[in-house]
Amino acid sequence: MGFLANAPLISIAIALPIFGVILAALVPKGRVATLRWLAFGFSAASFIISLPLLASPDFAGFSHVEHYPWMPQLKAYYLVGVDGLSVWLVLLTGLLTPLAVLSSFSAIRNREKEYYILLLIMQSALVGTFCALDLVLFFLFWEMVLIPMYLLIGIWGSGRRVYAATKFVLYTVVGSFLMLLAIIGLYVYSGANGHPSFDFTYLRAHLLPPELQTWLFLAFALAFAIKMPLFPFHTWLADAHTEAPTAGSVLLAGLLLKMGGYGFLRFCLPIFPDASAAFAPLMMGLAVVSILYGALVCAAQSDIKRLIALSSVSHMGFVMLGLLSLDLIGIQGAIVQMVSHGIATGALFLLAGVIYERRHTRELAQFGGLAEAMPRYYNIFLITMFASIGLPALSGFVGEFLILLGAINADWMLAGLAALGIVLTAVYMLAMFRRVFHGDCALPENRALKDLSAREMACLIPLVVMMFAIGLFPKPYVDSIRPAAERAARTATRILQASDAARPAGAETVASAQEAKR
Amino acid sequence: MLGHIYLAIIPPLAGTILLGFFGKMMPRKAAGILACGAILLSFAVALAAFIEYVRAGGVSPEPYGAHVGVLAPWLAIPGFELNLSFQADALSLLMALTVTFVSFLIFVYSSGYMAHDEGYPRYFAYLNLFVAMMLTLVLAGNLVVMFIGWEGVGLCSYLLIGFWYRKKAPPIAGIKAFIVNRIGDFGFLIGILILFWLLGSVDFTTMRMRLSMLEHGAPLILTMAGLFLFMGAMGKSAQFPLHVWLPDAMEGPTPVSALIHAATMVTAGVFLVARMGFLFSLSQPALLAIACIGAFTALFAASIAIVQYDIKRVLAYSTVSQLGLMFLAAGLGAYWIAVFHLFTHAFFKALLFLGSGSVIHAMGGEQDMRKMGGLAKRMPQTYWQFLIGAMAISGIPLLAGFYSKDEILFAAFSARNALFPQAGMALFVVGAFTALLTAFYMFRQVQLVFLTPARWDAAKVHPHEAPPSMAIPCWVLAAGSIFAGYIGLPAMFASLLHIPNALEPFLAPALPGGHSSVPHALHAASLASEAMVASLSALLALAGLGLAFYLYRARSGLTEKLRQSFAAPYRLLFNKYYIDELNNAAIVSPGKALCSRLSQSVDLGIIDGAVNFIALAIGALGYALRPLQTGFIRNYAWYFSVGAVLLIILLWLRAGG
């Protein structure tokens, strides 16, 4: 396996889908099956090639780093690498994209060549986003994700697809634009100090004055908050998810939202530690509002995709809460939550896509009693729903538990409010589940519904396995995150000390009593 | 075996997986045997561990007589280690034995009861999962593993209440159960988090060791942690005001009501309080709160039970009431008595539910006691079983319930709470009155179902005795309802009958003593007061019995008159104090309104409206500026020169200034 350690795995993982794009472009018209399997093959190959990334000996620093000159005049480099923060998101991209491709085989019937090409471009761009360590390169990949998604929604979407796609792009572009300004700001500032750089590792090591941090932090934070999305920047999400084709929703919820959380963790916390600490209470407050508000809004939805989409606001609120608790445990929890949300919500969108494909409606009122007709579907939906609700022993619980553990350390009131989210999640999820599956199967068209096909099972089983794997044995996975999380909270020592002081008063009493006893 | 007690969880878990994947392909008989066999195996493991434990005679590698086995590490964070650890000690072994034994009987009963249901394998898959989760709960070595089991049994409860999902009511009842439990679990989770921060561990033995170093009571934060944990117990054990889900849970199949919603799962809250007794005993306010909520719930639920007509609802409210009594005992610091009553209750309440299941089965699904009567002649076996159960729960002397209930009353009678010395007497009075009501509603039920003249249409209904698969488990439970009390006899009876109290010393290492005055008070108390409480408790049981006999047998017209003259209180009780209506009016409806308001007005209206407004405004600005783009060079040249002139003026001004 020695050659793997030296192989440019990341670049291969980025390049493979692009290679697939080129081949797909050459597939003659009408050879749809070839096209589908070609897309699936290259997408899956990219996943397989990224698996050895996990074998990195040390996740504290970056491994598999590749550093080539790209635009030397601008000091922009092709600089990529992974650490414990990014490796799981790279793997999640690799896991979800082939499944999204696979799920599209029967759903997409027009302009298939363009469709699969866009999915592959998106995979490549996502891997790039999660691995780029040069800010210009990061920005390039970040924007490169946007365009395929815009087209996916706009062309293959349903209903108000053009409105949704435009809204999605405008929202994101506003954020990206400010982020670009901030990137230039960083470059100019480091230039003024004699070392102009877009290199993340350099910027992390050379702190900015607090005032400058504030402005640049805000610019970055807005871009990431929109992407996550954090209340009140979330209204693009419901429209985009609802109108997107199934695969689009899966990637959007599973991966694109993670770009926001990842950005916070990768760039905001290490480069702007003082500003992060200063804004942490505000951001945590917004996170808790997102958790509760998102859940309450979900309870009023009658469109199954819209409901699942808005549940992301609530779940990603937990991610933000964990990140901005600036607590090591909370940060680890946030990463776990990102991955488990990607898996569970990705699966929920796949599941919603299954009945949408059969019935061409997303209205909950159009369903009911499906448990009878589709038992396999029922069982997988049940497990996925409970993973999303955060039932212990399934993936959702681990993240929420760690996040709350971290957050209670930072602000016990907010943590307590956030914990209410676990009640509200159950309320809207179970209500939705009942309307789809329970009761009498009144509509004749529902009675004849076919259960999951082998291909659909193949899309869902890997995700279900992951839900159990993370939920039952989170240790190896959380362990691999820790060193990088420790580094990401660059101010960790300072901030963690501060939060130790803020421990509940009783802790000292107990501790001192123990001391006395000894 | 003791270090690997988690082995007991594996058979039912394997059973779930096998039944889940292959259940539909199996013949029914095979599915039933597989399910029952898995539980029997689990029972054997628990029994073997129990024997080993008793043989070891209290020698254990961990303090407090605990044997801890780690299955796998779950999380390791600097400062915290969290393992999938399982603990065998007196308390968990007793619980595991009770759970597997009662489960086995109810599984056998179910194989007859559910024989004609098309969801047979699904039913047993869920039921196996339930036992696996319940064992996880009781055998857990730390709070997080316990929480896994805790929410796991909640999941099974949800699935089994809504088992008949085609009907309208069961799925709704299932959701209600899960959500009310989740409200409790919210508290449980917060409690776990606080303890994590406070003690750096949630392993039971470690927490107990660290807390035992506290000398002067507990700081406020410990009381908070305890009360949050108790909130979880209130949800699971259906204590007021989180009791609302349990009566609705009767929508599930009756054996499920017997197993989950009477004998095992709902007692998990009591188990939690006993397990965490070392925490609660440090906080008098927390204990007092537990005792008061328990006592209130006991009386509250019993008063509802006396006027209900649904055969299962009476039993459901009775369960809520009995759980209240257990909390009353636990709140007095008499944890072993709470566990004792939990143990005896498991037998007679399971028996009563299974008996009611046989009746419902025989009556073709009828649950209204007004349409029953005279069944003693048609179903003599069931009648005798039900009667034994009713006598046991009512506290008729010599049966199991008498002893455990007597201990609770005596504990209350002799308790001296440090915060509020009169509390013990008040709790005693409430407990005694509850005992009276219990005997009344139970014998009212016996009268209405079995003894009063038949009120059913003989042409349509043909009541028949239950098949052996259903009758035999009931006889075993009936035997338990009689004899289970003899493992923990009160001091007076113990010396009278020469049967020592085996339970209290057995449980002693697992439960805290010393901090509460009660156990000592119990031993020091004079024989006279003990005899007095015992005879009072026997009298109350007989009074309840007599009253029921008088009202429903001797003077059968009297109930109607009473109902009319006390119309308002009757309506209040009949409608369960309107708690469901209150919840709907105060929480559910406003909640729904809030959600749709947020979704419509705030989300789509204000927030999205603002976004669209900005977009529109920018669009309009663009539209307004569009005429500037004429495409004529001369216009652009004109803009250009004006701009240049302005710029020069600007620069000149700045340079000048």
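Cut-off values and rules
Residues numbered from 1 in each chain as written. Chains lettered and ligands numbered in written order. Predicted model: local features only at pLDDT ≥ 70, side-chain atom pairs only at ≥ 80, totals over all residues. Helix = DSSP H or I, 4+ residues; strand = E, 2+ residues; numbered from the N terminus. Rg over C-alpha atoms; globule rule 2.2 N^0.38 Å. Buried ≥ 20, exposed ≤ 12 C-beta atoms within 10 Å, placed from the backbone. Expected span 1.5 Å × (residues − 1). Contact = placed C-beta atoms within 7 Å. Nonpolar A, V, L, I, M, F, W, Y, C, P; charged D, E, K, R; others polar. pLDDT = per-residue confidence, 0-100. Bend = angle between axes of the 7 residues up to and from the residue. Axes fitted to C-alpha atoms, helices over the stretch in contact; angles between N-to-C directions. Parallel < 35°, antiparallel > 145°, perpendicular 65-115°, else oblique. Left-handed = near helix turned anticlockwise from the far one by under 90°. Pairing = 2+ DSSP bridges. Core = buried A, V, L, I, M, F, W, Y, C linked by C-beta atoms within 7 Å.

Visitor: Hey, could you run me through the overall build of chain A in this one?
Guide: Tallying secondary structure elements over chain A gives 24 helices and two strands in all. For 518 residues, the compact-globule formula gives about 24 Å, and the C-alpha radius of gyration of chain A, at 23 Å, lands near that figure. With respect to the three principal axes, the spread of C-alpha positions in chain A is 70 × 60 × 45 Å. Residue burial in chain A is summarised as follows: out of 518 residues, 62% are buried.

Visitor: Where do I start with helix α13 (residues 304-324) of chain A in this structure?
Guide: Residues spaced three or four apart along an α-helix point in a common direction, a consequence of the helix completing one turn every 3.6 residues. Residue and element names in this part refer to chain A. With 21 residues, α13 ought to run about 30 Å at 1.5 Å a step, and its terminal C-alpha atoms sit 31 Å apart, in line with that. For α13, the tally of buried residues reaches 21 of 21 residues, placing the bulk of the element in the interior. A positive phi of about 55° marks Leu326, the residue just after α13.

Visitor: Looking at this structure, I do not really get the interface of chain A and chain B. What am I missing?
Guide: It is common to give the size of an interface as the accessible area lost on bringing the parts into contact. If you look at the interface, chain A gives 48 residues, while chain B gives 48 residues. The set of elements that each furnish at least two residues to the side of chain A that touches chain B consists of α12 (273-299), α17 (395-410), α18 (412-419), α19 (421-437), α22 (475-488) and α24 (505-517) of chain A. With eight residues, α24(A) is the largest single contributor of residues to the side of chain A that touches chain B. Tallied by class, the residues present in the side of chain A that touches chain B amount to 32 nonpolar, 10 polar and six charged.

Visitor: It is not clear to me how the confidence of the model for chain B should be interpreted in this structure. Could you clarify?
Guide: Residues shown with low pLDDT carry predicted positions that ought not to be read at fine detail. Residue and element names in this part refer to chain B. With 97% of its residues at a pLDDT of at least 70, chain B reaches an overall mean of 88. Within chain B, the element-level pLDDT minimum falls on helix α23 (residues 518-524), averaging 48, and the maximum on helix α11 (residues 268-275), averaging 95. Of the regions scoring below 50 in pLDDT, residues 514-522 engages in 18 contacts with residues more than four places distant in sequence or in other chains.

Visitor: Honestly, the confidence of the model for chain A in this entry has me stumped. Any pointers?
Guide: Looking at chain A as a whole, the pLDDT averages 87, with 93% of positions reaching at least 70. For the stretch residues 492-518 of chain A, pLDDT sits under 50, and the model shows 36 contacts to residues farther than four places along the chain or on other chains.

Visitor: What's the story with the environment of A:Val297 in this structure? I'm lost.
Guide: Checked against the element boundaries, A:Val297 lands in helix α12. Leaving out residues up to four positions away in the same chain, A:Val297 has contacts with A:Leu310, B:Cys595, B:Leu598, B:Ser599 and B:Asp603.

Visitor: What's the story with helix α27 (residues 579-625) of chain B in this structure? I'm lost.
Guide: When the terminal C-alpha atoms of α27(B) are compared, their 64 Å separation across 47 residues agrees well with the 69 Å that a helix rising 1.5 Å per residue should span. For α27(B), the principal kink sits at B:Gly609 and spans about 40°. Of all 47 residues in α27(B), four are buried; the element is thus mostly exposed. Here α27(B) has its buried residues at B:Cys595, B:Leu598, B:Ser599 and B:Asp603. Looking at the buried residues of α27(B), the elements they touch are α10 (235-243) and α12 of chain A.

Visitor: Just to check I follow, could you spell out the packing of α12(A) against α13(A) for this structure?
Guide: To describe two helices that pack against each other, one gives the angle between their axes and the distance between the axes. Residue and element names in this part refer to chain A. Put simply, α12 and α13 touch, their axes get as near as 8 Å, and they point 160° apart. When the axis of α12 is compared with that of α13, the two are roughly antiparallel. Crossing handedness for the pair α12 and α13: left-handed. Between α12 and α13, the residues in contact are Ala280, Met283, Met284, Ala287, Val288, Ser290, Ile291, Gly294, Ala295, Val297 and Cys298 and Leu307, Leu310, Ser311, Val313, Ser314, Met316, Gly317, Phe318, Met320, Leu321 and Leu324, respectively. The residue makeup of the contact of α12 with α13, split by class, is 17 nonpolar, five polar and no charged.

Visitor: What should I look at first to understand the pairing of strand β2 (residues 76-82) of chain A in this one?
Guide: Regular strands place their side chains on alternate faces of the sheet. All names here are of chain A. The element β2 is largely enclosed, with a buried count of six among its seven residues. Pairing analysis gives six bridges linking strand β1 (residues 63-71) to β2, with the strands arranged antiparallel. Residue pairing in the sheet places Ser63 in a bridge with Val82 of β2. Between β1 and β2, which follow one another and run antiparallel, lie four residues, and Lys75 among them has a positive phi close to 65°.

Visitor: I keep staring at unusual backbone geometry and nothing clicks. Help me out?
Guide: Residues other than glycine predominantly adopt negative phi, and peptide bonds predominantly adopt the trans conformation. All names here are of chain A. Omega for the bond connecting Met228 with Pro229 falls within 30 degrees of zero, at -10°, which places this linkage in the cis form. In this fold, Pro229 is placed in the loop between α9 (210-227) and α10. Residue Pro232 follows Phe231 across a cis peptide bond; omega there is 0°. Relative to the assigned elements, Pro232 resides in the loop between α9 and α10. One non-glycine residue, Lys75, adopts positive backbone phi at about 65°. Along the chain, Lys75 turns up in the loop between β1 and β2. For Lys75, a count of 19 C-beta atoms within 10 Å gives the class partly exposed.

Visitor: What is the right way to look at the nonpolar core in this model?
Guide: Across soluble globular proteins, nonpolar side chains show a tendency to be buried alongside one another. Judged by nonpolar contacts, the single largest core of 451 residues is most densely connected at B:Phe130, B:Val273, B:Leu328, B:Ala329, B:Ala338, B:Val339 and B:Ala350. B:Val339 has contacts with B:Leu91, B:Leu94, B:Ala274 and B:Leu507, leaving out every residue within four places of it along the chain.

Visitor: Looking at this structure, how should I read the environment of A:Phe220?
Guide: Residue and element names in this part refer to chain A. Secondary-structure assignment places Phe220 in helix α9. Overall, the presence of 24 C-beta atoms within 10 Å leaves Phe220 in the buried class. Taking the C-alpha atoms as reference points, Phe220 and Gly260, 40 residues apart in sequence, are found 9.7 Å from one another.

Visitor: Looking at this model, I keep getting lost on the packing of helix α14 (residues 328-359) of chain A against α17(A). Mind explaining?
Guide: Residues and elements named next belong to chain A. Packing of α14 against α17 leaves a shortest axis separation of 7 Å and a crossing angle of 150°. Classed by the angle they form, the pair α14 and α17 counts as roughly antiparallel. The way α14 lies across α17 gives a crossing that is left-handed. Touching Ile329, Gly330, Ile331, Gln332, Gly333, Ala334, Val336, Gln337, Ser340, Ile343 and Ala344 of α14 are Ser395, Gly396, Val398, Gly399, Glu400, Leu402, Ile403, Leu405, Gly406, Ala407 and Ala410, all from α17. Its residues placed into classes, the contact of α14 with α17 shows 12 nonpolar, nine polar and one charged.

Visitor: Explanation requested: the pairing of strand β2 (residues 80-88) of chain B in the structure shown.
Guide: All names here are of chain B. Counting buried positions along β2 yields seven of nine residues, so the element is predominantly enclosed. As judged from the nine bridges shared by strand β1 (residues 67-77) and β2, these two strands associate in the antiparallel manner. Residue pairing for β2: Leu75 is matched across the bridge by Leu82.

Visitor: Sorry if this is basic, but what is going on with the environment of B:Val339 here?
Guide: Residues and elements named next belong to chain B. Locating Val339 in the fold gives a position in helix α15 (residues 335-362). Looking at Val339, the number of C-beta atoms within 10 Å reads 31, which means it is buried. C-alpha of Val339 to C-alpha of Leu507: the two residues are 168 residues apart in sequence and 9.1 Å apart in space.

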